[in-house]
Amino acid sequence: MKILVTGGAGFIGSNFILYWVKNYPQDQIINFDKLTYAGNLENLKDIEKNPSYSFVKGDICNVSEVDIAMRGVDWVVHFAAESHVDRSIMEPAAFVMTNVVGTQVLLDASLKNNIKRFHHVSTDEVFGQLLLDSDQKFNESTPYNPRSPYSASKAGSDHLVRSYHYTFGLPITITNCSNNFGPYQFPEKIIPLAITNLIEGKRIPIYGDGLHVRDWLYVEDHCSAIDLVLSKGKVGETYCVGGMSEDINNLEVAKKIVRILGKSEDMIEFVKDRPGHDRRYAVEWSKIKKELGWEPLHSFDQWLEETISWYKKNENWWRKVKSGEYKKYYEQQYK
Ligand code: NAD
Ligand code: TYD
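Residues numbered from 1 in each chain as written. Chains lettered and ligands numbered in written order. Predicted model: local features only at pLDDT ≥ 70, side-chain atom pairs only at ≥ 80, totals over all residues. Heavy atoms only, no water.

Student: When you look at the pattern of salt bridges in this model, what are you seeing that I'm missing?
Tutor: When their charged atoms lie close together, side chains carrying opposite charge are able to pair. What the rule picks out here adds up to 19 salt bridges. Residue Arg203 is joined to Glu269 by a salt bridge in which the shortest nitrogen-to-oxygen separation is 3.5 Å. A residue pair is termed long-range when its members are at least 10 positions apart, and Arg203 in the loop between α6 (190-199) and β8 (204-207) and Glu269 in strand β11 (residues 268-271) qualify at 66 residues. One salt bridge connects Lys287 with Glu237, and the closest N-O pair in it is separated by 2.5 Å. Taken together, the positions of Lys287 in helix α9 (residues 286-292) and Glu237 in the loop between α7 (219-232) and β10 (238-241) put the pair 50 residues apart, joining distant regions of the chain. The exposure class assigned to Lys287 is buried, which follows from its relative accessible area of 17%. Relative accessible area serves as the criterion here: at 24%, Glu237 is assigned to the partly exposed category. Here the salt bridges share partners, and the residues they tie into one network are Glu200, Lys202, Glu315, Arg319 and Lys322. (Salt bridge = Lys/Arg side-chain N within 4 Å of Asp/Glu carboxyl O. Helix = DSSP H or I, 4+ residues; strand = E, 2+ residues; numbered from the N terminus. Buried < 20%, exposed > 50% of the residue type's maximum accessible area, 1.4 Å probe, protein only.)

Encoded structure:
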């Protein structure tokens, strides 16, 4: 089996490649990534010499680069995206280009190259927001109602992927997953931002009242969900993937991180809210559990601690990432 992974140098893509190489050493993995600010080949240094892994630097919006990379490939697992809501508010154009146009380029190339499965990695953010203190959850029938340029561009990509199935018969599957956390997450997202800021002696910026709720899933559980959808999922179907059974808000998450690192709650700072900030996400994952037998194996509390240990042990990784381009972004975002 030859698998093209797009965006394999990013957070979830690199965790997925490490997971796949460990569990399916007989398969060939091609990592196709543009290496934007979010792509980091250091995530994959443990397998860079592994003969079943190769890297191709390329842009999913580039028709010929994509076509060449897809020759002889059986499956495409599509992670590549602009993925950060705050950056999509600053500069939406790159989101439309990569997430919408790039996905369409991949879909065309998949038809041309007779790809046997195109798996699209998407987000629960396409469904919009839920009310605080409601017991509603997103599921596969929830109408799309994206509210940020990021989620709108991911919604566009989901619609395109489905349309290529209905119109052209492309064998697709989609997962809409909740917020991931774990090793190699770029420190612009709240959990690694909070951990690394505290280690550096800086405060955790919490938007608005801090009562916004996210559904957290440890990244390895997301990888195992995609694995099951690839092997047992029904072509044309969408599966929602989530991790929490109880709501936890951003302030509670920040307080846990402060406690684990032995710091004071004074290190939490309320800052200006994000425009259009979605109040609450919660995902019902009964379809993937019932049909494919998936469930998350990593609890939030234990794996938050493990994740904090990882960031403590891998200061070199994130200190490098936090210098350079990121510094400019941080100053602009939190000025
Ligand atoms: P990330 O930003 O860490 O990584 C994205 C990767 O895509 C980077 O390596 C980047 O270089 C690459 N990339 C960007 N534009 C590209 C282009 N034009 N051509 C080729 N490569 C390009 O993102 P992530 O958090 O790992 O998310 C991966 C996927 O999972 C995304 O599609 C995202 O929407 C989805 N998702 C993320 C989460 C989450 O919590 N992070 C949750 C659900 C779904
Ligand atoms: P983030 O990690 O950016 O993921 P997403 O926007 O895709 O859910 O943000 C997670 C939550 O944390 C979200 O409610 C916004 C909030 N947040 C802060 O309060 N402060 C911050 O500095 C950041 C980056 C996020």
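Student: Honestly, helix α4 (residues 93-112) in this entry has me stumped. Any pointers?
Tutor: Within an α-helix, residues lying three or four positions from one another point in the same direction, as the helix has 3.6 residues per turn. In this model, α4 (20 residues) spans 27 Å end to end at C-alpha, consistent with the 28 Å of a helix rising 1.5 Å per residue. Its maximal kink placed at Gly102, α4 deviates by approximately 25 degrees. Every buried residue belonging to α4 is among Phe95, Thr98, Asn99, Gly102, Thr103, Val105, Leu106, Leu107, Ala109 and Ser110, and all of these are buried. Its buried side turned inward, α4 meets β1 (2-6), α2 (63-70), β4 (75-78), α3 (85-90), β5 (117-123) and α5 (149-168). Of the residues trailing α4, Asn114 is marked for its positive phi of about 50 degrees. (Expected span 1.5 Å × (residues − 1). Bend = angle between axes of the 7 residues up to and from the residue. Contact = heavy atoms within 4.5 Å.)

Student: Help me understand the environment of Tyr184 in this model?
Tutor: Topologically, Tyr184 is positioned in the loop between β7 (179-181) and α6. Sequence separation of Tyr184 and Lys290 is 106 residues, and the distance between their C-alpha atoms is 31 Å. When sequence neighbours within four positions are dropped, the list of residues in contact with Tyr184 reads Phe11, Ser14, Asn15, Leu18, Asn43, Trp310, Tyr311 and Trp317.

Student: Would you mind showing me how to read the nonpolar core here?
Tutor: Within the largest apolar cluster, 34 residues are counted, with the highest numbers of intra-cluster contacts made by Ile191, Ile204, Trp216, Ile257 and Phe300. Elements that contribute at least two residues to this core include exactly α6, β8, β9 (216-218), α8 (250-260), α10 (300-313), α11 (315-322) and α12 (325-333). Broken down by element, this core gets its largest block of residues, six residues, from α10. Setting aside its immediate chain neighbours within four residues, Ile191 contacts Phe181, Trp216, Val253, Ile257, Phe300 and Leu304. (Core = buried A, V, L, I, M, F, W, Y, C linked by side-chain atoms within 4.5 Å.)

Student: Explain the site of ligand 1 to me, please; I cannot follow it from the model alone.
Tutor: By nearness alone, 29 residues border ligand 1, and Ile12, Asp33, Ser83, Tyr150 and Lys154 come closest of all. Here an oxygen atom of ligand 1 and a backbone polar atom of Phe79 are 2.8 Å apart. Relative to its unbound accessible area of 840 Å², ligand 1 is 97% covered by the protein chains. When contributions to the shell around ligand 1 are tallied by element, the ones reaching two or more residues are α1 (11-23), β5, α5 and β7. The element that contributes the greatest number of residues to the shell around ligand 1 is β5, accounting for three residues. Its residues assigned to classes, the shell around ligand 1 comprises twelve nonpolar, twelve polar and five charged. (Near = heavy atom within 4 Å. Polar contact = N/O pair within 3.5 Å; in protein donor to acceptor, adjacent residues only side chain to side chain. Areas by Shrake-Rupley, 256 points an atom, 1.4 Å probe, with all protein chains shown as cover. Nonpolar A, V, L, I, M, F, W, Y, C, P; charged D, E, K, R; others polar.)

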